[in-house]
Amino acid sequence: MKNLTCKHCGGEVKAGDIACPNCGIPLPPDYGKYPQRNFILWFIALVVLCAFMIFWLPPDWSNKLLGR
Ligand SMILES: [Zn+2]
């Protein structure tokens, strides 16, 4: 895990700290955690769900489009 630095003083802070130990400035509650990783996991789950819907559901709509 990479070291995090305070954006105010440049000192080292730990993930989960509520304030910088060097200058005392409050840090955002999710500083050092990566919410975008969660977003990517949800996006992949959505793509897999869409693929499941396309390949496993009865393709009634495609029969109509093809004129059968
Ligand atoms: Zn600081």
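These lines cover the structure that appears in this document, whether it is placed above or below. (Residues numbered from 1 in each chain as written. Predicted model: local features only at pLDDT ≥ 70, side-chain atom pairs only at ≥ 80, totals over all residues.)

**Digging into the overall build of the protein chain**
Stage number 1. Of the regular secondary structure elements, the protein chain holds two helices and two strands.
Stage number 2. Along the protein chain, helices (α) and strands (β) appear in the sequence β-β-α-α when read from the amino end.
Stage number 3. Looking at the protein chain as a whole, 3% of its 68 residues are labelled buried.
Stage number 4. Long-range pairs, those at least 24 residues apart, make up 6% of the contacts in the protein chain with a sequence separation of at least 6. (Helix = DSSP H or I, 4+ residues; strand = E, 2+ residues; numbered from the N terminus. Buried ≥ 20, exposed ≤ 12 C-beta atoms within 10 Å, placed from the backbone. Contact = placed C-beta atoms within 7 Å.)

**Considering the environment of C20**
Stage number 1. Among the structural elements, C20 can be located in the loop between β2 (12–13) and α1 (35–56).
Stage number 2. Sequence-wise, C20 and C9 are 11 residues apart; in three dimensions their C-alpha atoms are separated by 8.7 Å.
Stage number 3. Excluding its chain neighbours within four sequence positions, the residues that come into contact with C20 are C6, H8, C9, G11, V13, I25 and L27.

**Here we look at the environment of G11**
Stage number 1. With respect to the secondary-structure elements, G11 resides in the loop between β1 (4–5) and β2.
Stage number 2. Setting aside anything within four residues of it in sequence, one finds G11 in contact with T5, C6, C20, N22 and C23.

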